[in-house]
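Report on the structure
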Amino acid sequence: MATNGYDAIIVGAGFGGATTAALMAKRGMKVLLLEQNAKAGGKAMAFSKGAYTYTAWMVCCAPTVDNHFETVLNELGMRERVELVAPGIQGSTFKNSKGEWVVGPQDPTPDPNNIFDWLEVPEEARADALTLLADLTLMPPEEIAKLDDISYAEWLGRYKINKGLYSFLIGPVADGCFMVPVDALAASEAVGTIQQVFLRGGGVFAKGGIGTVAEAFAESVKINGGDVIMKTKVDRIIVDNGQVTGVMADGKTYNAPIVISNAGIQPTVLKLVGEQHFDKSYVNYVKGLVPTLAMIGVRYFLNKEVITKVPYGTLFTTETPWTMERWIKAKDGKNMPEDITVWYEVPSNYDPKAAPPGHQIVLTGIWSPCDPEMSTEQHEIWWKKIDEMMFKVFPAMEAAIELREGYSTTDVSKLTRDSVLPGLGGECIGLSQVIGQAGAYKPSAKTPIQGLFYVGCDAAGTGIGVHQAIDSGMKVAKIVQQYHLMHEATIS
Ligand SMILES: Cc1cc2nc3c(=O)[nH]c(=O)nc-3n(C[C@H](O)[C@H](O)[C@H](O)COP(=O)(O)OP(=O)(O)OC[C@H]3O[C@@H](n4cnc5c(N)ncnc54)[C@H](O)[C@@H]3O)c2cc1C
């Protein structure tokens, strides 16, 4: 059975797909949004369990000021539908040279000297440290664009800074924002995004989970005359003679001259469309794209409030920044370093209704290989490491646990992205942050097939995870509208 009459079909209601569908519908296009899950949000979906509400895992967004969440919600007239919060404090905790875990300055705009004291920057190194921070914060876009071919590690190496500041600029900052080893991360991507956070703040959440923003976007598609079908997995994107004509899902055909895939570039090309529709060189390019690493973690449901005030934080030491070499040694879990960087989020510290009174949920995450086929025994090695790190810093936590729930790359892949290449599928962000795939080399949202586009963290966007997906959604909506109008104007 075929269903006609859409200007565009969007495959997937992650933040990329939901943004683009909502904006195109609001701007007058007739769209269909198809999503395999019961609700929108993808890798940042809102969850609930009993009286607890939270985002699927540790998800902390940025920037706080002048962010895309508000821009898109405002354009859609949905600003009141979601309660965004930016508490302005965080709990980054550094193990100093005495082995003490010390929380950083809590002031949202701290005096650099307080940061330097915390990170044990010697007096004589402070001038260089300030130069670095000023360059990072004030570098103009045309200078940032020149950093596509060097790594963030190489760029940082131009400054003489102590290990404490170096590990801060990697551990809590770059490792968490990009999920790429510092020597593989494109400096342009790193500097541009970190600059956004330094100038416009970090730590945006939504009451009920950030996924509620994507739910609002999907709702807006319906309000503006589009269709949204949940729990429907697209099995095939149909291509005829180099032109997309629609999709097949649950035995039905949906027709449209434009299809935008939020399913990931590799699953789109290698599975949903099929290699046979592309040139061999494009298929090889797609197969060779390298994703970010993944995040694995534990959700702790606690019978008392153990972590007070801060909505999120990081545990890090001078030894925890990941490099490619360090990651290759650690990734099978057998040579785990003593300390690793842990990110955590406490939803009830920004949303009092996120946990029953007197209770708390703590979401944690650490780096992991992307492989969705990892066994539970392998997951347990990483989950135990998180226990060890969290209990060292928050000794009251262990006794307060009512429920400990691990999540893994298997869950991430099942929820969001099919595994179509060995070892891939559970990645945290996408394909466009490593050297050679960022800046001018970023995968294009346009494909070689007429009418087929990508949206989401694989193409077109910049910034941190969720914000990057929305950035891509905004850009792709514009590209596709132009394509649609040009075709209406010249061909129809
Ligand atoms: C553990 C973890 C922690 C993270 N922490 C942070 C953080 O702290 N801060 C931050 O900003 N970002 C974080 N991120 C990253 C962020 O969540 C992602 O970068 C962003 O949400 C990706 O959005 P997307 O639109 O690119 O893709 P996705 O979220 O992957 O969305 C793809 C959508 O397409 C759907 N789909 C796929 N295939 C099909 C199909 N065949 N048919 C129908 N539907 C389909 C999926 O179900 C999904 O809804 C984290 C991610 C993970 C996994």
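Just so it is clear, the model here is predicted, and its values are computed rather than measured.

1. Re the overall build of the protein chain
Helix and strand counts for the protein chain come out as 15 helices and 20 strands. Radius of gyration (C-alpha) of the protein chain: 22 Å, near the 23 Å computed for a compact globule of 492 residues. Residues counted as buried form 59% of the 492 residues belonging to the protein chain. With the model as given, the accessible surface of the protein chain reaches about 19,100 Å², and the carbon-plus-sulfur share is 53%. Charge separation in the protein chain, taken as the distance between the mean sites of 43 positive and 55 negative side-chain charges, equals 4 Å.

2. Focus: the nonpolar core
Core analysis: the biggest nonpolar cluster contains 134 residues, and F15, I210, V213, F217, I237 and M390 have the highest contact counts within it. Both domains that furnish three or more residues to this core are identified here as domain 1 (2-85 + 208-290 + 431-490) and domain 3 (293-415). Setting aside its immediate chain neighbours within four residues, I237 contacts V11, V244, G246, V247, V259, S261, T268, L272, V273 and L452.

3. Considering the state of the cysteines
In this structure the tally under the stated criterion is 0 disulfides. Looking at the unpaired C61, the closest cysteine sulfur is the one in C60, lying at 6.7 Å. A residue is classified by how much of its surface remains accessible, and C61, at 2% relative accessible area, is buried. Of all cysteine sulfurs, the one in C428 lies closest to C457, which takes part in no disulfide; the gap is 9.1 Å. C457 gets classed as buried once you look at its relative accessible area, which sits at 11%.

4. Section: empty space enclosed by the protein
A full pass over the atoms with the stated rule returns 1 cavity of 30 Å³ or more. Roughly 40 Å³ of volume is contained in the largest cavity. Q266, P267, R417, D418, S419, V420, L421, L424, G425 and E427 are the residues that line the largest cavity. Taken together, the residues that form the lining of the largest cavity break down as 4 nonpolar, 3 polar and 3 charged.

5. Things to note about the packing of helix α1 (residues 15-26) against helix α2 (residues 68-76)
Contact geometry of α1 with α2 gives a least axis separation of 10 Å together with a crossing angle of 30°. Between α1 and α2, the crossing angle belongs to the class labelled roughly parallel. The interaxial crossing formed by α1 with α2 has left-handed handedness. In this structure, α1 contributes F15, T19, A22, L23 and K26 to the contact, and α2 contributes F69, V72, E75 and L76. For the contact of α1 with α2, the class distribution of residues is 6 nonpolar, 1 polar and 2 charged.

6. Brief notes about the site of the ligand
Neighbouring the ligand are 35 residues, the closest being G16, E35, K43, C60 and C457. Within the backbone of F15, an N or O atom sits 3.4 Å from an oxygen atom of the ligand. Taking N262, its side chain carries an N or O atom lying 3.0 Å from an oxygen atom of the ligand. Contact with the protein chains covers 97% of the free accessible surface of the ligand, which is 1,000 Å². Among the residues forming the shell around the ligand, the class breakdown is 21 nonpolar, 11 polar and 3 charged.

7. As for the side chain of S167
As for its position among the elements, S167 is in helix α7 (residues 163-178). When sequence neighbours within four positions are dropped, the list of residues in contact with S167 reads F94, P172, F316, T317, T318 and P321.

8. What to know about the layout of surface pockets
Here the second largest pocket is characterised by a volume of approximately 400 Å³. Lining the second largest pocket are 21 residues, and of these L293, W327, K331, P369 and C370 sit closest to its centre. Grouping the amino acids of the lining of the second largest pocket by side-chain chemistry returns 15 nonpolar, 3 polar and 3 charged.

9. Brief notes about α2
For α2, every residue scored as buried is listed here: H68, F69, V72, L73 and L76. Seen end-on, α2 carries its buried residues on one side only, within an arc spanning 125°. The secondary structure elements touched by the buried residues of α2 are α1, β6 (84-85), α9 (211-223) and α15 (465-490). By the N-cap criterion, in which a side-chain oxygen at the helix start approaches the backbone nitrogen of a residue two or three places on, α2 is capped by N67, the distance to F69 being 3.1 Å.

10. A word on the packing of aromatic side chains
What the rule picks out here adds up to 25 aromatic pairs. With a centroid separation of 6.0 Å and an interplanar angle of 40°, the aromatic rings of F47 and Y54 are classed as tilted. Note on F94 and F316: the rings are 5.2 Å apart at their centroids and 35° apart in plane angle, and the pair reads as tilted. Taken together, the residues span a long stretch of sequence, with F94 in strand β7 (residues 93-95) and F316 in strand β16 (residues 312-316) at a distance of 222 residues. Of the two residues examined, F94 and F316, each falls in the buried class. Site record: aromatic cluster; members linked through ring pairs are F47, Y52, Y54, W57, F301 and Y407. In this structure, R326 packs its charged tip against the face of W322, placed 4.5 Å from the ring centre.

Cut-offs applied
- Residues numbered from 1 in each chain as written.
- Predicted model: local features only at pLDDT ≥ 70, side-chain atom pairs only at ≥ 80, totals over all residues.
- Heavy atoms only, no water.
- Helix = DSSP H or I, 4+ residues; strand = E, 2+ residues; numbered from the N terminus.
- Rg over C-alpha atoms; globule rule 2.2 N^0.38 Å.
- Buried < 20%, exposed > 50% of the residue type's maximum accessible area, 1.4 Å probe, protein only.
- Areas by Shrake-Rupley, 256 points an atom, 1.4 Å probe, with all protein chains shown as cover.
- Lys, Arg positive; Asp, Glu negative; His and termini not counted.
- Charge placed at Lys NZ, Arg CZ, Asp CG, Glu CD.
- Core = buried A, V, L, I, M, F, W, Y, C linked by side-chain atoms within 4.5 Å.
- Domains from an automatic or database assignment.
- Contact = heavy atoms within 4.5 Å.
- Disulfide = S-S within 2.5 Å.
- 1 Å grid on protein atoms, 1.4 Å probe; cavity = no way out; pocket = protein on both sides within 12 Å on 5 of 7 lines; lining within 4 Å.
- Points joined across faces, edges and corners; volume = space filled by probe spheres on them.
- Nonpolar A, V, L, I, M, F, W, Y, C, P; charged D, E, K, R; others polar.
- Axes fitted to C-alpha atoms, helices over the stretch in contact; angles between N-to-C directions.
- Parallel < 35°, antiparallel > 145°, perpendicular 65-115°, else oblique.
- Left-handed = near helix turned anticlockwise from the far one by under 90°.
- Near = heavy atom within 4 Å.
- Polar contact = N/O pair within 3.5 Å; in protein donor to acceptor, adjacent residues only side chain to side chain.
- Arc of directions from axis to C-beta.
- Phe/Tyr/Trp six-rings, centres within 6.5 Å; stacked < 30°, edge-to-face > 60°.
- Lys NZ or Arg CZ within 6 Å of the ring centre and 35° of its normal.

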